[in-house]
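Here is what each chain is made of, one letter per residue.
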There are 2 protein chains.
Amino acid sequence: MSDKRIEIMDLAEKLIRTKGYNAFSYKDISVPLQIKNAAVHYHFPKKSDLGEAIILRTRSTFQKKHIEWEQCLPKEKLNNFIALYEKNQSLNLVCLVGALGSSYESLPENMQNSLTKMSGEIRGWMQKVLKEGLQNKEFNFTETAEEKTDVVIAALLSSLILDKVIRKNILKSVKASILKSI
Amino acid sequence: MSDKRIEIMDLAEKLIRTKGYNAFSYKDISVPLQIKNAAVHYHFPKKSDLGEAIILRTRSTFQKKHIEWEQCLPKEKLNNFIALYEKNQSLNLVCLVGALGSSYESLPENMQNSLTKMSGEIRGWMQKVLKEGLQNKEFNFTETAEEKTDVVIAALLSSLILDKVIRKNILKSVKASILKSI
DNA sequence: AAATATACTTACTAGTAAGTAAGAATCCAA
DNA sequence: TTGGATTCTTACTTACTAGTAAGTATATTT
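**Student:** Give me the lowdown on the environment of Phe139 of chain B, citing residues and values where you can.
**Tutor:** All names here are of chain B. Relative to the elements of secondary structure, Phe139 occurs in the loop between helix H7 (109-135) and helix H8 (145-166). Sequence separation of Phe139 and Pro74 is 65 residues, and the distance between their C-alpha atoms is 8.5 Å. Not counting residues up to four positions away in its chain, the partners in contact with Phe139 are Pro74, Lys75, Leu78, Val129, Leu130, Gly133, Leu134 and Ile182.

**Student:** Describe helix H9 (residues 170-180) of chain B, and please don't skip the residues or the numbers.
**Tutor:** Among the residues of H9 of chain B, those classed as buried are Ile170, Leu171, Ser173, Val174, Ser177 and Ile178 of chain B. The arc enclosing the buried residues of H9 of chain B, seen along the axis, measures out at 165°, which places them on a common side. Tucked inside the fold, the buried residues of H9 of chain B contact helix H7 (109-135) and helix H8 (145-166) of chain A together with helix H5 (74-90) and H8 of chain B.

**Student:** Could you give an account of the relation of the copies chain A and chain B, with specific residues and numbers?
**Tutor:** The operation relating the pair of chain copies consists of a rotation about an axis and a translation along that axis. Laying chain A over chain B is done by rotating through 180° and shifting 0.0 Å along the axis; what remains is an RMSD of 0.0 Å. Such values leave the two copies arranged in the relation of a two-fold axis. Using C-alpha coordinates, one finds that chain A approaches the rotation axis most closely at Ala155 of chain A, a distance of 2.0 Å. By residue overlap, the copies meet face to face through one surface: 98% of the interface positions of chain A are interface positions in chain B.

**Student:** So what's going on with the nonpolar core? Which residues, and what values?
**Tutor:** Counting residues in each nonpolar core, the largest one holds 121 residues, and the members touching the most others are Ile29, Leu50 and Phe81 of chain A together with Ile29, Leu50 and Phe81 of chain B. The residues contacting Leu50 of chain B, other than those within four sequence positions of it, are Ile8, Met9, Ala12, Phe24, Tyr26, Ile29 and Phe44 of chain B.

What counts and what doesn't
Residues numbered from 1 in each chain as written. Chains lettered and ligands numbered in written order. Predicted model: local features only at pLDDT ≥ 70, side-chain atom pairs only at ≥ 80, totals over all residues. Heavy atoms only, no water. Helix = DSSP H or I, 4+ residues; strand = E, 2+ residues; numbered from the N terminus. Contact = heavy atoms within 4.5 Å. Buried < 20%, exposed > 50% of the residue type's maximum accessible area, 1.4 Å probe, protein only. Arc of directions from axis to C-beta. Least-squares fit on C-alpha atoms with pLDDT ≥ 70 in both. Core = buried A, V, L, I, M, F, W, Y, C linked by side-chain atoms within 4.5 Å.

Below is the structure:
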């Protein structure tokens, strides 16, 4: 992959995660990177190609992380996962699922499909982590692992959005609550 | 308020809550309502006027609900609040805060401000409900009311987004988890 | 040295976006 | 009944959007 291709993806991802997929144009990429509009189209013929590439890259980043964490205990896996959101918070970015999911019906089909696939994988991974933690008595919540998974991923997702909207550190209290209730 | 004005707001709200603020145009309103583009501009000169009107309407709807529920016990208030999300789910709509908040930085300033105000009010209301429930022993979670509030509102907000993305009934398990852990 | 692939630029198109100025139809009150 | 307010339409402008066709510069391979 060429340098410019990565620069384009990096900037596009930042734009998606601050303003949304429908609020940026190829001009917002070509001007800062000092290339022409058509150069962006050379790397990503359609805007949806760019969008999909970003989802697939995020998905593969997650997969690598999960493998990296394989030897960790469930509690540590959960902590690592939460740390990803803290990283996003420090960069003032909402997560990709939140950024794209809220306007799901406006997305091109290829983006919908890869987003659905990635989100399902993350949810599946979290279910395994919580189940494992229940079994080895690291966790002892009263809900089922499936139920707890959905609150955890949902609360983390929104906390980055609400951080911006409410202008309070929502992620901080969400993290505290999750760790206390698990 | 004229009939058409309300029809415009109803349709625009639906568009915002399915496709997002930046993914609809006045044409998407004028064509279905069989009026001209300029007629929409007559009622709402700028798109941001329409956006703000929708936020303010939602805000006042919430305020009315809260007054309506004043005599209810905390548990019932919480149930009523969750029921609002179940209603949204049945209509296949994400909530307004989720729809707009994820692209917060692309929103016109007047919309950012009214969205922030409304979200703060909802959070404040929920904090009061949870505190009241702790005091009268209806609830007995271990977190602080502030922490629990943020998980509850964050999880509910995302559950409508994740419902669409993951194509599972996330709200159902989020509801179950909240009610079991409170 | 010639051929080829890569990474662009130039220059364009067709369509859509938000927004406006001016005028017409309708209703309602003085 | 006439004058004004309300609610539109007609007709338009300016600016941007995604996308493309054709050509150019540079590097890489054969």
